[in-house]
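Reading the structure
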Amino acid sequence: MAKKVKRQVPSLINRTPFRVRFSEVDSMQIVWHGEYVRYFEDGREAFGRQYGGLGYMEMYNSGYVVPLVKISLEFKYPLVCGDTAIVETRYINCEAAKILFEYTIYRESDMQVVATGESTQVFLNRDNVLELVNPEFYIQWKKKWGVE
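Computed from a predicted model, the values in this text were never measured in an experiment.

**Considering the overall build of the protein**
- When helices and strands are tallied, the protein shows three helices and seven strands.
- Along the protein, from the amino end to the carboxyl end, the secondary structure elements read β-α-α-β-β-β-β-β-β-α.
- C-alpha atoms of the protein, sized along the principal axes, occupy 45 × 40 × 30 Å.
- A total of 148 residues make up the protein; the buried ones form 45% of that total.
- Working note: accessible area of the protein is about 8700 Å², and carbon and sulfur atoms make up 54% of it.
- Separation of charge centres in the protein, based on 19 positive and 19 negative side chains, amounts to 4 Å.

Structure, rendered in structure tokens:
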């Protein structure tokens, strides 16, 4: 039987509004499902700007790439062209050498939850070798933001 990992409560949160564009809807006039993954990425990028040190280029300049290795998405209600929504990105601290985020996308007009999800990223060094322990820059980032 698989051992269930106990997750910590989110310690850092970013909320980023966005407007659904015409190019993001499908022939049924609702947001195409693949766009939600992009909204999650927008949330991660905004999170990295708010909590300096976890931006993609900052991590790259520290000697690492941090690819997604797992992403999940659950749809609740559709968004349509012109809707304004909010992607909430929550950092989940863990001891392992990875970055965990949880997401909730809300329709801004009524704060209806339209989608939820999670992502996992790992650290690869410049030789594309998986890091099994947290890189020093990540340890320092956790200390700076009080999530050690």
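**Focus: the pattern of salt bridges**
- Evaluated as defined, the whole model comprises seven salt bridges.
- Residues R15 and E88 are paired through a salt bridge, measuring 2.8 Å at the closest nitrogen-oxygen approach. With R15 in strand β1 (residues 12-19) and E88 in strand β4 (residues 84-92), this residue pair connects regions lying 73 residues apart in the sequence.
- Overall, R15 belongs to the exposed group, its relative accessible area being 54%.
- Given a relative accessible area of 8%, E88 falls into the buried group.
- The shortest N-O distance in the salt bridge between R38 and E35 comes to 2.9 Å. Pair noted here: R38 and E35 are both in helix α1 (residues 35-50), with a separation of three residues, about one helical turn.
- Note on R38: relative accessible area 44%, which makes it partly exposed.

**Looking at empty space enclosed by the protein**
- With the rule as written, the count across this model stands at one cavity of 30 Å³ or more.
- The space that makes up the largest cavity amounts to roughly 60 Å³.
- Along its surface, the largest cavity is lined by R44, E45, F47, G48, L54, Y56, M59, I99, F101 and Q121.
- The biggest single contributor to the lining of the largest cavity is α1, with four residues.
- Considered class by class, the residues forming the lining of the largest cavity number six nonpolar, two polar and two charged.

**Comments concerning the sheet that holds strand β6 (residues 112-122)**
- Taken in spatial order, the five strands make up an open sheet running β1-β4-β5-β6-β3, and their pairing is antiparallel. This sheet does not close on itself; its edge strands, each paired only once, are β1 and β3 (68-75). Across the sheet, the mean angle from the axis of one strand to that of its neighbour is 15°, orientation sign disregarded.
- In the sheet, β4 pairs with strand β5 (residues 98-107) via eight bridges, with the strands oriented antiparallel. If you follow I92 over to β5, its bridge partner there is L100.
- Sitting on the sheet, α1 touches β1, β3, β4, β5 and β6, and the angle it makes with β1 is about 125°.

**As for the packing of aromatic side chains**
- Overall, the coordinates contain 18 aromatic pairs when judged by the stated rule.
- Aromatic side chains F137 and Y138 sit 6.5 Å apart centroid to centroid with 55° between the ring planes, which places their arrangement in the tilted category.
- A residue is classified by how much of its surface remains accessible, and F137, at 17% relative accessible area, is buried.
- One aromatic cluster is present, built from ring pairs that chain together F40, F47, Y51, Y64, Y91, F101, Y103, F123, F137, Y138, W141 and W145.
- When the ring centre of Y60 is taken as reference, the NZ or CZ atom of R126 above it lies at 4.5 Å.

Criteria and thresholds
Residues numbered from 1 in each chain as written. Predicted model: local features only at pLDDT ≥ 70, side-chain atom pairs only at ≥ 80, totals over all residues. Heavy atoms only, no water. Helix = DSSP H or I, 4+ residues; strand = E, 2+ residues; numbered from the N terminus. Buried < 20%, exposed > 50% of the residue type's maximum accessible area, 1.4 Å probe, protein only. Areas by Shrake-Rupley, 256 points an atom, 1.4 Å probe, with all protein chains shown as cover. Lys, Arg positive; Asp, Glu negative; His and termini not counted. Charge placed at Lys NZ, Arg CZ, Asp CG, Glu CD. Salt bridge = Lys/Arg side-chain N within 4 Å of Asp/Glu carboxyl O. 1 Å grid on protein atoms, 1.4 Å probe; cavity = no way out; pocket = protein on both sides within 12 Å on 5 of 7 lines; lining within 4 Å. Points joined across faces, edges and corners; volume = space filled by probe spheres on them. Nonpolar A, V, L, I, M, F, W, Y, C, P; charged D, E, K, R; others polar. Pairing = 2+ DSSP bridges. Axes fitted to C-alpha atoms, helices over the stretch in contact; angles between N-to-C directions. Contact = heavy atoms within 4.5 Å. Phe/Tyr/Trp six-rings, centres within 6.5 Å; stacked < 30°, edge-to-face > 60°. Lys NZ or Arg CZ within 6 Å of the ring centre and 35° of its normal.

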